[in-house]
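# Descriptive structure summary
So the chains spell out like this:
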Amino acid sequence: KYQAVKDSALAGKVSSAVASSALAGKITSICQVFVLSRDDIHQILTNVSEVIHAFDLSVLFIFGWMFVPAMGVVYTVLNEGKGKIKRVASRTELKKNTSAVDEQDEIDCSYESSYIYQFAVHVSQMAKLALLVYLCDIVVVALATIGYKAEEWGNVSNLFAKVLYTSWIAARIQSFKTHFLSRFMRKCPEECDKVLMVNRILDLTVLALLVVKIMGYFAMETGVALGSIAAFGTTSTLMISFASQELAKGVANGIEMAASDRFFEGDNVHFGDGTQGYIVKLGFLRTKVRKYDGAVLDVPNTQLGGQRLINVSKTKTCQVLTKIRFSYDDIQRIPDALEICKDEIKKACPKLIIDGKPFRAMISSFETQFVEVTFNTNFSLPPTGEGFWANRQEVFLAIDRGVKKAGLNYARPFDPAQK
């Protein structure tokens, strides 16, 4: 009797373990649901036939696949012979440009470039999505027929339709946003960097709203709220919290750097921590900088935000500062020689800035073995690129020509250890 009681208790524990298992002992029962008999198939077809209506499918098919070409035929008949038309110049254009009439632009009036085509395409897409929802309804009916509880699937079709159409609306908003921003960029190409920044911010905003809306649908239709999905325990909640804070901080820094107009993609920048190079990609979380040696540095935005910065690409002037040495024997002749050198620089460098910036060539130091002269010149050129280095070379050559015209010689280099 004791052994029988013990065996019975053990069997009860095993049954309880099997009942609480995730997959053990349950795969067969799950697969059996999809093993259909003739009666099941007949019942599925009967139930599905009650849902399907030929008129519904016909309407969806016509609007989904025939509406666009049909509207094209109507448009062609109404606009026959109007492939392209001349744009009439406005009064403002005539005031700005007297030859505006001679330079009229041609506007494409084909069906694909018309608003009617855009309307037809949107109607077609909505009909095709409706057909997908219709197919989802059929699948739900079939699953309910083979054994799944109808109440468990009652909200699936509604949820699928809401998610599908909301995602489509978000995609269309993105498309319209890109279209209008592209038109603005064609009119104002100098604002390209700012437009790209606005485009990224709008992309992130639309995506965030889409995710929040979809999560709201799930909470409404299934009763599963966002908080319950994320509730995996104290440790995981803390990990998610810290990760979210870092993510939000990185995104905030990325938006701040883009919106502050400090630098954009392609700019040559010098950061306060010594990072120097060209901005390859400015993202919401990370920024890629191509250093002068060609290596690409991937830097988190949290490390770049708040740093002191020199944007070389936005600097419109540059300085060429150099020092040369003369012998003490020629010290009285140096001032005249420097004036000749300045005249040579003026002739050789048309970008030289004379007013508002220092243009000096003067004795700057008495050293033990030589007299030191400093040339301080400024130019209306960016301090980078081939133009800068070519101009710098012209300055040195002009100084050398002036020294030779004055009949001076450079002081010979010496070893400081031999003083």
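Keep in mind that what you see is a predicted model, and the values were worked out from it rather than measured. (Residues numbered from 1 in each chain as written. Predicted model: local features only at pLDDT ≥ 70, side-chain atom pairs only at ≥ 80, totals over all residues. Heavy atoms only, no water.)

Take the overall build of the protein chain next. When helices and strands are tallied, the protein chain shows 14 helices and 10 strands. In the protein chain, once contacts between residues fewer than 6 apart in sequence are set aside, the share between residues at least 24 apart is 66%. A total of about 27700 Å² of accessible surface is found on the protein chain, and carbon and sulfur atoms cover 61% of it. (Helix = DSSP H or I, 4+ residues; strand = E, 2+ residues; numbered from the N terminus. Contact = heavy atoms within 4.5 Å. Areas by Shrake-Rupley, 256 points an atom, 1.4 Å probe, with all protein chains shown as cover.)

Now for the nonpolar core. Formed by 25 residues in total, the largest nonpolar core has its most connected members in Ile345, Phe375, Phe379 and Ile399. Apart from the residues lying within four places of it in its own chain, the contact partners of Phe379 are Lys316, Thr317, Cys318, Val320, Cys349, Lys351, Leu352, Ile353, Asn391 and Val395. (Core = buried A, V, L, I, M, F, W, Y, C linked by side-chain atoms within 4.5 Å. Buried < 20%, exposed > 50% of the residue type's maximum accessible area, 1.4 Å probe, protein only.)

With antiparallel pairing, three strands are arranged side by side in an open sheet as E8-E10-E9. If you trace the sheet from one side to the other, it starts and ends with strand E8 (318-326) and strand E9 (360-366), each paired once. Strand-to-strand twist of the sheet, defined as the mean angle between neighbouring strand axes without regard to direction, takes the value 25 degrees. Pairing between E9 and strand E10 (residues 371-379): six bridges, direction antiparallel. Of the residues in E10, the one forming a bridge with Met362 is Thr374. Sitting on the sheet, helix H13 (residues 334-348) is in contact with E8, E9 and E10, with an inclination near 25 degrees to E10. The strands that helix H14 (residues 386-405) touches are E8 and E10; relative to E8, the one it contacts most, it runs at about 30 degrees. (Pairing = 2+ DSSP bridges. Axes fitted to C-alpha atoms, helices over the stretch in contact; angles between N-to-C directions.)

Opposite charge on two side chains permits them to pair, given that their charged atoms come into close proximity. What the rule picks out here adds up to six salt bridges. Measuring nitrogen to oxygen at the nearest pair gives 3.6 Å for the salt bridge that ties Asp330 to Arg333. With a shortest N-O distance of 2.4 Å, Glu344 and Lys405 are connected by a salt bridge. With Glu344 in helix H13 and Lys405 in helix H14, this pair connects stretches of sequence that are 61 residues apart. Taking the relative accessible area as the measure of exposure, Glu344 reaches 7% and is therefore buried. (Salt bridge = Lys/Arg side-chain N within 4 Å of Asp/Glu carboxyl O.)

A few words now on the packing of aromatic side chains. Taken as a whole and assessed by the stated rule, the structure comprises nine aromatic pairs. Relative to Tyr111, the ring of Tyr75 lies with its centre 5.7 Å away and its plane at 45 degrees, an arrangement referred to as tilted. A residue pair is termed long-range when its members are at least 10 positions apart, and Tyr75 in helix H4 (residues 54-78) and Tyr111 in the loop between strand E2 (106-108) and helix H6 (115-145) qualify at 36 residues. A residue is classified by how much of its surface remains accessible, and Tyr111, at 10% relative accessible area, is buried. Summarising the aromatic geometry, the rings of Tyr278 and Tyr292 are spaced 6.0 Å apart at their centres and angled 80 degrees between planes, so their arrangement reads as edge-to-face. On the criterion of sequence distance, the pair formed by Tyr278 in strand E4 (residues 276-282) and Tyr292 in the loop between strand E5 (286-290) and strand E6 (296-300) is long-range, its members being 14 residues apart. (Phe/Tyr/Trp six-rings, centres within 6.5 Å; stacked < 30°, edge-to-face > 60°.)

Looking now at the pairing of E6. Here E5 pairs with E6 via five bridges, running antiparallel. Opposite Arg290, over in E6, you have Val296 as the bridge partner. Between E5 and E6, which pair antiparallel one after the other, the connecting turn spans five residues, and Gly294 there sits at a positive phi close to 100 degrees.

Here we come to the packing of helix H3 (residues 38-51) against H6. Close contact between H3 and H6 brings their axes to 9 Å; oriented N to C, the two are set at 145 degrees. The two elements H3 and H6 cross, and the hand of that crossing is right-handed. Within the contact between the two elements, H3 uses Gln43, Ile44, Asn47, Val48 and Val51 and H6 uses Tyr134, Ile138, Val141, Ala142 and Thr145. (Left-handed = near helix turned anticlockwise from the far one by under 90°.)

Below, the discussion takes up the side chain of Asp330. Its place among the elements puts Asp330 in the loop between E8 and H13. Taking relative accessible area as the criterion, Asp330 reaches 14% and is therefore assigned buried. The contact partners of Asp330, leaving out residues within four places of it in the chain, are Leu408 and Asn409.

For the rest of this paragraph, the subject is the sheet that holds E4. The strands that make up a sheet are held in pairs by hydrogen bonds between backbone atoms, and each pair lies either parallel or antiparallel. Pairing within the open sheet is antiparallel, and its five strands lie in the order E6-E5-E4-E3-E7. In the strand order of this sheet, the two ends are held by E6 and strand E7 (309-311), each with one partner. Strand after strand, the sheet turns through a mean of 40 degrees between neighbouring axes, direction not considered. Bridge count for E4 against E5 is four bridges, and the pairing is antiparallel. In the sheet register, Lys281 faces E5, and the bridge partner there is Lys288.

Keep in mind that these numbers describe shape and distance, not what the molecule does.
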